[in-house]
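Each chain, written out:
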Amino acid sequence: MPRVSFTPNLRRHLDCPTVDAPGATVRAALENVFAGNPRLRGYLLDEHGCLRRHVTIFVNDAPAADRVTLADPVGEGDDIFVFQALSGG
């Protein structure tokens, strides 16, 4: 099953350890993560269920192409990496 990981900065604000999450798409894997961590959903997804602008997801080494339905396919052994944009100066 896919492994879902989060940046250290995100983990500092929310309890979101790396987890193995079943699912054939990014959305399905994330829904399994959200089942155990409902607060995380509001941080990553907007009110329409789309990925928030400040959040990016990579599947292995490539950015997820579908930011709306998160239908990018994932399989056994794939890594889903979730991170947020940081700003400052």
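It should be emphasised that the depicted structure is a prediction, and the values quoted were computed from it without experimental measurement. (Residues numbered from 1 in each chain as written. Predicted model: local features only at pLDDT ≥ 70, side-chain atom pairs only at ≥ 80, totals over all residues. Heavy atoms only, no water.)

(A) Up close: the pairing of strand 1 (residues 3-6). Pairing geometry for strand 1 and strand 2 (residues 19-20), over 2 bridges, is antiparallel. Counted as the bridge partner of V4 is V19 from strand 2. Here 4 bridges tie strand 1 to strand 5 (residues 79-84), and the two strands are oriented parallel to one another. Across the sheet, residue V4 finds its bridge partner in strand 5, namely I80. (Pairing = 2+ DSSP bridges. Helix = DSSP H or I, 4+ residues; strand = E, 2+ residues; numbered from the N terminus.)

(B) Representation of the nonpolar core in the model. The biggest cluster of nonpolar side chains holds 23 residues, and the ones touching the most others in it are V4, F6, L40, L44, I57 and V82. Contributing elements (two or more residues each) for this core: strand 1, helix 2 (26-36), helix 3 (38-44), strand 3 (55-59) and strand 5. With 5 residues, the single largest contributor to this core is helix 2. (Core = buried A, V, L, I, M, F, W, Y, C linked by side-chain atoms within 4.5 Å. Buried < 20%, exposed > 50% of the residue type's maximum accessible area, 1.4 Å probe, protein only.)

(C) Examining unusual backbone geometry more closely. Phi is positive for N60, which is not a glycine, with a value near 55 degrees. For N60, the location among the structural elements is in the loop between strand 3 and strand 4 (62-63). One non-glycine residue, L70, adopts positive backbone phi at about 55 degrees. With respect to the helices and strands, L70 occurs in the loop between strand 4 and strand 5.

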